[in-house]
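The chain contents come next:
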Amino acid sequence: MNHCDPAELREPYDGTPLCRSELSSHPMEQFHTWFTQAHTSGLAEPNAMVLSTIDPTGAPRARTVLMKGYDHAGLRFFTNYRSRKGRSLEDDPRACVVFPWHAIRRQVMISGSVERLTDRENDEYFARRPRGSQLGAWASERQSAPVADRAGLDGLYARFAEVWPPGVEIPRPAYWGGFRLVPREVEFWQGRSDRMHDRFRYLLAAGAASDGDWVIDRLSP
């Protein structure tokens, strides 16, 4: 088998230094600064994050999802509650996400607990989605379950498109909604040359709420 050798794939990490004096006191304020910079840099889908959960057998599982909002309370993302990740989060409400902003030599990791969003929050976001995505939520009711073929999926989509033709409001499925990841630990990683990266970790003080006191440590690369 002829292929390139992954061990020989190297890129220089010549990112801007990250200093302790530059960090915000709250991790989500620092996240806001970095997310804004990632967006203005032209990075494709800066809101794409790798979400890791724990399934009922105790095994980890990861996939890419889109972050759809954030504030001091945490990150918001949406899914089918009956999907594999939805069931995993209901069974064990712990999760970790990574924003892999390789093009700008940065990475953010956030871990903590998850909680369901309210029906009002879910309805407000669902109403903002493109019509095609709303129909897709109905057509993928059995998300993560095996399907016979693509034709069956397309048939479901077409059926729901007839139920709610253009101009008719599409309701949110009861099984579709969002989660909030409430941070307990946040790490900001800035790539530097010779593998001497800058890493800073925020840890929430014991017993504190997400807007409470955070301890900031520099980590060895």
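In what follows, the structure referred to is the one given above.
Here the structure is a predicted model, which is why all the values come from computation and not from measurement. (Residues numbered from 1 in each chain as written. Predicted model: local features only at pLDDT ≥ 70, side-chain atom pairs only at ≥ 80, totals over all residues. Heavy atoms only, no water.)

A. View of the overall build of the protein chain. In terms of helices and strands, the protein chain carries 5 helices and 9 strands. Secondary structure elements in the protein chain, listed N-terminal to C-terminal, are α-β-β-β-β-α-β-β-α-α-α-β-β-β. Taking the principal axes of its C-alpha atoms as reference, the protein chain extends roughly 55 × 55 × 40 Å. Within the protein chain, buried positions represent 40% of all 221 residues. Look at the contacts in the protein chain between residues 6 or more apart in sequence, and 64% of them connect residues 24 or more apart. Carbon and sulfur atoms make up 51% of the accessible area of the protein chain, which amounts to about 12,600 Å² in all. Here the protein chain contributes 29 positive and 29 negative side-chain charges, whose respective centroids are spaced 3 Å apart. (Helix = DSSP H or I, 4+ residues; strand = E, 2+ residues; numbered from the N terminus. Buried < 20%, exposed > 50% of the residue type's maximum accessible area, 1.4 Å probe, protein only. Contact = heavy atoms within 4.5 Å. Areas by Shrake-Rupley, 256 points an atom, 1.4 Å probe, with all protein chains shown as cover. Lys, Arg positive; Asp, Glu negative; His and termini not counted. Charge placed at Lys NZ, Arg CZ, Asp CG, Glu CD.)

B. Just the pairing of strand β2 (residues 60-66), in detail. With 7 bridges joining them, strand β1 (residues 48-54) and β2 adopt antiparallel strand pairing. Bridge pairing in β2 links T53 to R61. From the end of β1 to the start of β2, which pair antiparallel, there are 5 residues, and G58 there has a positive phi angle of about 90 degrees. (Pairing = 2+ DSSP bridges.)

C. Summary view of the pattern of salt bridges. Using the criterion set out here, one finds 14 salt bridges in the structure. R192 is the salt-bridge partner of D198, the closest N and O atoms lying 2.8 Å from each other. What makes D198 buried here is its relative accessible area of 6%. Its salt-bridge partner being D217, residue R201 comes within 3.4 Å of it at the nearest N-O pair. One end of the pair, R201, is in strand β8 (residues 198-204); the other, D217, is in strand β9 (residues 214-219), with 16 residues separating them in the sequence. You can call R201 partly exposed: its relative accessible area is 22%. The network of salt bridges with shared partners includes E115, E121 and R180. (Salt bridge = Lys/Arg side-chain N within 4 Å of Asp/Glu carboxyl O.)

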